[in-house]
Amino acid sequence: MGINNEEAETYKNKGNEAFKSEKYEDAVSLYTKAINLSENDSRDRATYLKNRAAAYLKLKEYKKVIKDCDESLLIVPEDPKALFRRAQALESEERFEEAYRDAKTIFTVDPANKAIQPVLSRLHAIVQERVRKNAQTSSKVDQMFKLAFEISEEKDKRQKAMTNLVVLAKETAAADFMIKNGVVQKIQQLLKVEKNQEIYINAIRVIGQLCKKNVESTVTVIKVVGIPWFLEIIDSDIEERVNAAQYCLQGILNTFSGMDTKKETKPDTQLCEKYKSEIDTLLTCLTYSITNRVITGMARDAIMELIMRNCHYSAINWAERFVEIRGLQRLLEVCSELEEYRYESAMNITPSSATIAAACLARIYENMYYDEARERFNNQVDEFVKDKLLTPDLESKVRVTVAITSLLRGPLDVGNYVISKEGIMEMILVMAQTEDILQQKVACECLIAAASKKDKARAIINKGVEILKKLYTSKNDAVRVRALVGLCKIGSFGGDDASIRPFADGSTKKLAEACRKFLVNPAKEKDMRKWAAEGLSYLTLDADVKEKLVEDRAAIQALIELAKTGDQSCLYGVVTTLVNVCNAYEKQEVMPEMLELAKFAKHHIPEQHELDDPDFVNKRLTVLCKAGVTTALVALSKTESHNSKELIARVFNAICSLQELRGIVVQQGGAKILIPMALEGTQNGKKQAAQALARIGITINPEVAYPGQRNLEVVRPLIALLHPDCTALENFEALMALCNLAGMNETTRNRILKEGGLSKIEQYMFEEHIMLQRAATQCICNLLQSEEVIKTYEGKNDKCKFLYLLCQEEDMDTVMAAAGALCILTSVSKDCCRKLLDCQAWLESLRVLLANPNKEIQYRGTYMLYNIISGDKDIAVRIFETDVMEILMALTKLEDPDVKKTVELAQKCLNTAESMGLIRKPDENVVLESLNENEQGEEENED
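About the thresholds
Each chain carries its own residue numbering, running from 1 in the direction its sequence is written. Predicted model: local features are reported for residues with pLDDT of at least 70 only, side-chain atom pairs are reported and counted for 80 or more only, and whole-chain, interface and lining totals are derived from all residues. Hydrogens are left out, water is left out, and the side-chain values use all remaining heavy atoms of the structure. Strands here are runs of E lasting at least two residues and helices are runs of H or I lasting at least four, both read from the DSSP assignment and numbered beginning at the N terminus. Note on definitions: a residue-residue contact is assigned when non-hydrogen atoms from the two residues lie within 4.5 Å. Here the Shrake-Rupley method, with its probe set to 1.4 Å, supplies the accessible areas, and only the displayed protein chains count as covering residues. The charged-residue count follows a simple rule in which Lys and Arg add positive charge and Asp and Glu add negative charge, with His and chain termini not counted at all. Where a charge lies is defined by one atom per residue type: Lys uses NZ, Arg uses CZ, Asp uses CG and Glu uses CD. Points on a 1 Å grid, built from protein atoms alone, make a cavity when a 1.4 Å probe fits but cannot get out and make a pocket when they are open with protein on both sides within 12 Å along at least 5 of 7 lines; residues with an atom within 4 Å of a point are the lining residues. Grid points are joined across faces, edges and corners, and a volume is the space filled by probe spheres set on the points. Each residue receives one of three labels: charged for Asp, Glu, Lys and Arg, nonpolar for Ala, Val, Leu, Ile, Met, Phe, Trp, Tyr, Cys and Pro, and polar for the others, Gly being one of them. By convention, a stacked pair of Phe, Tyr or Trp rings (six-membered ring in the case of Trp) has centres within 6.5 Å and planes under 30 degrees apart, an edge-to-face pair has planes over 60 apart, and any other such pair is tilted. We call a charge positioned over a ring when the NZ of a Lys or the CZ of an Arg lies within 6 Å of the ring centre and within 35 degrees of the ring normal. The buried label applies to any residue whose accessible area, calculated with a 1.4 Å probe on protein chains only, is under 20% of its type's maximum; exposed applies above 50%, and partly exposed to all values in between. Taking the helix axis as origin, the arc is that swept by the directions to the C-beta atoms. A pairing counts as a salt bridge when a side-chain nitrogen of Lys or Arg comes within 4 Å of a carboxyl oxygen of Asp or Glu. Polar contact is the term for a pair of N or O atoms within 3.5 Å; when the atoms are in protein, one must be able to donate a hydrogen and the other to accept it, and sequence-neighboring residues count only if both atoms are side-chain atoms. With axes taken as lines fitted to C-alpha atoms, and helix axes fitted only over the stretch in contact, angles between N-to-C directions fall between 0 and 180 degrees. An angle below 35 degrees is read as roughly parallel, one above 145 as roughly antiparallel, one from 65 to 115 as roughly perpendicular, and any other as oblique. Take the far helix as your reference; a near helix turned counterclockwise from it by less than a right angle gives a left-handed crossing, and one turned clockwise gives a right-handed crossing.

Caption draft 1: Up close: the overall build of the protein. Of the regular secondary structure elements, the protein holds 56 helices and zero strands. Projected onto its principal axes, the C-alpha coordinates of the protein cover approximately 125 × 90 × 70 Å. Here the analysis covers contacts within the protein between residues at least 6 apart in sequence; of these, 68% occur between residues at least 24 apart. By element, 49% of the accessible surface of the protein is carried by carbon and sulfur atoms, the whole surface being about 45100 Å². A gap of 7 Å separates the mean positions of the 126 positive and 141 negative side-chain charges of the protein.

The following block contains the structure:
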């Protein structure tokens, strides 16, 4: 044990050294080793704990500070250092009353402690102010209670009172007072009789706010109302009410898991473990409600979205548990429903239900990341299909086919696995050939979904094209439009390769015209227009069809109006059509060497259509944007499908590639929805959204493009583009946008630093690419308005030296930015001034700046030089030993009014040197004598 004590003491001493060297993370690690070797309840352990707390305090990990101090104070009660550190952490956590309590204890134990006296005074003032505010708050809450929960009061007064309670619930003191005074019970009783929807929805929001980030309040709320109450309030046909209830349930899950409404937050594993039972109970109840026959379709969609958001491994990681409790069967039941055909056993669904269920299945399958889990998933799907087909009636066949269609639109591998099973494809083809309209419709839909890969498309070309052609002659429009989409999809499997045409020339145009007739006809049902849009999504890979569609304003407007409905089942068709028209799909880069090799090997080489040249694409983008496509994309962006979000981001990025269209995107709400897309989704989707945001940030004032909190939220996606995997264009655009953001305010600059932006931006100053180097230097120039950044340039590094060297670059804009950065640094830091002489070519840098033909650079050079020589004679001596004095004298002789400020600064530099005794003005008599001597000398030479 003695050896352990010695070893622990060694680690403590090393920790102290690391702490003094400001290596706080190393200090934490060393103190932790000392703690692990120490005896429980020993005074040494208490010392190690409070030392680690000091390191955590420097790292701003306040919860850990409080925890270590708590443990230390259990061993040595009333230890002033532990109390002081805990008080600091509590104050930073805004737990002022507790901080004040600790400060008072220190003062009682050690009245002579001078360090605690200002802290005590400050905390006393804060606590007194909070007591006063709390008294006001409690009075406000009482007043709102009387108005909001009294049915006999006027409607307007009650509505306003409930709205005020939502705002008050955001304040900790008010929320505590509300819970103590039975607000949860009051709301529970009120909602049983409340008829006013605005009051009803705001009452739900009050509960949501009370549960937000407060575990104790959340536990209290659930204890009072129970989970079934939440399932009751979500059961509505009113969208706003369903959204409020969904938000409330998500808030509860976030509180128990440590997540946040912000997309990028990750769950706290310790919290998840602690509240595992509560999370499991809530998600299980939601899972069982998926197939509740009596709830509304809107409520069902909201429940599936909640499952989808929280099952992923990046969230609560509940997918395997979902499969375990047979949640897949419930989702497949929803997938097997038909909105337009009601069986006796049918449940309420919306047009988006099947799409949401398919996306949810895809998200669950994404989490089956090992073979055994995938096998369990497939087995449950097999079981569902077998159970349905045990009874060979029409309903079972239809339900199975519709469910397979959803699988093909969700987890495609599972859908292909099912459809490849013996007898399944044959069953679907037989259904397609019957005279029954319902069977024809569902069989067509399944064939369309199955033709997703070239091999499947070829199989359907061999077996199903004649069937689809026959169905296209049906008198029923619903069957005709589905058969049309099937033919469109098969006809497009050559993609944008102009040399592959599965059907005869001109067929795709005829198919497109047929789709158009369905799309623009207002007499047709929305379902048919949706299918027509899906048909176009395949045909618009053909450049001829793209051009014809863009010229058809009625068809474009019909597409946009269809999208504005926000119906998720329309999403794929509309967005894919737009991606194709904008040429925003992934393009494979063809290397010339590989092209030659392919020709030699007689391989097929894709050909680009002449109508896909940039000029035509730009014209199409302009037409779409001016027709209002942004509003359509905003409406569709509510989807939970990451792949769909990627498609939306691709269209936005393509539109933002044209500078003149960026303002329209911002005006119509595009920037607002691009931020969450850039934070969550597929890798390509996030990159596309981030690039669109960067392009907006370059052209439009960031205060207009990203108002309020958005200018902080946009920083992370922009910094993500400063990655070696991104293209030079993406890097450049991100740097330009960050440069504009850095010029906004200190809060935005701090966010750039917090996200690790400084080091990433600085890397691009070393780039050989002129544009990247220039953009990075300009960005640094703006960031230097922050004191934190200036401190990094004052440290022991070559950052300043590199800026001095950049002044010798050929690119004038880079020199301008480097000189601007140095003007800022030299005006506030003498350390940065002295670093000039660390640069071997310092004289050349000064000459370039002072004698530069660019007037602005010349001004910046003289300004910087004045800062360097002011108050530092040693540097001034070195500088004035050179020809700098002659350059300055030449500058003072300039008569151009545009360089008046430069002339004044050059004169100031000379005056400063004169005041230091480094130079002196020539005496006039001495000058005349010198001139006479020179003249005499010349005469003698002549003799």
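Caption draft 2: Looking closely at empty space enclosed by the protein. In total, this model carries two cavities of 30 Å³ or more according to the counting rule given. Considered as a void within the structure, the second largest cavity measures approximately 40 Å³ in volume. For the lining of the second largest cavity, the elements supplying multiple residues, two or more each, are α36 (642–656) and α39 (683–699). Ranked by residue count, the leading element in the lining of the second largest cavity is α36, at three residues. Tallied by class, the residues present in the lining of the second largest cavity amount to one nonpolar, four polar and four charged.

Caption draft 3: Seen up close, the packing of aromatic side chains. Taken as a whole and judged by the stated rule, the model has ten aromatic pairs. Cation over ring: Lys908 sits above Tyr866, and NZ or CZ is 5.5 Å from the ring centre.

Caption draft 4: Inspection of helix α47 (residues 787–794) at higher detail. Those residues of α47 that sit buried are Val789, Ile790 and Tyr793. One face of α47 carries all of its buried residues, which in axial projection span an arc of 100°. Buried residues along α47 sit in contact with α44 (746–754), α45 (757–763), α46 (770–783), α48 (799–806), α49 (812–828) and α50 (830–834).

Caption draft 5: Main features of the environment of Cys582. Take Cys582: it is sitting in the loop between α32 (568–581) and α33 (592–600). Spatially, the C-alpha atom of Cys582 lies 59 Å from that of Gly15, the residues being 567 residues apart in sequence.

Caption draft 6: The pattern of salt bridges, seen in detail. The final tally for this structure, using the stated rule, is 45 salt bridges. Between Asp552 and Arg516 there is a salt bridge, with its nearest N and O atoms 2.1 Å apart. Pair noted here: Asp552 is in the loop between α30 (543–551) and α31 (553–564) and Arg516 is in helix α28 (residues 507–520), with a separation of 36 residues, a long-range link. By relative accessible area, which is 15% here, Asp552 ends up buried. Accessibility expressed as a relative area gives 25% for Arg516, which makes it partly exposed.

Caption draft 7: Structural context of the layout of surface pockets. For the second largest pocket, the calculated volume is near 500 Å³. Asn653, Gln688, Gln691, Arg695 and Glu730 are, among the 20 residues lining the second largest pocket, the residues nearest its centre. Residue composition of the lining of the second largest pocket, by class: five nonpolar, seven polar and eight charged.

Caption draft 8: Molecular detail of the side chain of Ser42. You can see Ser42 is positioned in the loop between α2 (24–37) and α3 (43–58). Residue Ser42 is classed as buried on the basis of its relative accessible area of 17%. At 2.9 Å, the side chain of Ser42 forms a polar contact with the backbone oxygen of Glu39.

Caption draft 9: Expanded view of the packing of helix α54 (residues 884–892) against helix α55 (residues 900–915). In the contact formed by α54 and α55, the axes pass within 8 Å of each other and the chain directions differ by 140°. The orientation of α54 with respect to α55, classified from their angle, is oblique. Both α54 and α55 take part in a crossing whose hand is left-handed. Between α54 and α55, the residues in contact are Met885, Leu888, Met889, Leu891 and Thr892 and Val903, Ala906, Gln907, Cys909 and Leu910, respectively.

Caption draft 10: Here's a closer look at the packing of helix α11 (residues 197–211) against helix α14 (residues 239–257). For the pair α11 and α14, the least separation of the axes is 8 Å and the interaxial angle reads 10°. In terms of orientation, α11 and α14 fall into the roughly parallel class. Note on element contacts: α14 touches α11 through Glu240, Arg241, Ala244, Ala245, Cys248, Gly251, Ile252 and Thr255, opposite Gln197, Tyr200, Ile201, Ile204, Arg205, Ile207, Gly208 and Cys211. Its residues assigned to classes, the contact of α11 with α14 shows nine nonpolar, four polar and three charged.

Caption draft 11: Summary view of the side chain of Glu194. Mapping Glu194 onto the fold places it in the loop between α10 (183–193) and α11. In this structure Glu194 comes out as buried when scored by relative accessible area, which is 9%. Only 3.0 Å separates the side chain of Glu194 from the backbone nitrogen of Asn196, close enough to count as a polar contact. Beyond its immediate stretch of four places on either side in the chain, Glu194 contacts Ile151, Arg158, Ile199 and Tyr200.

Caption draft 12: Expanded view of the environment of Val481. Relative to the helices and strands, Val481 is located in helix α27 (residues 477–491). With a relative accessible area of 0%, Val481 lands in the buried category. With 47 residues separating them along the chain, Val481 and Met528 place their C-alpha atoms 6.5 Å apart. If sequence neighbours within four positions are ignored, Val481 has contacts with Phe518, Met528, Trp531 and Ala532.

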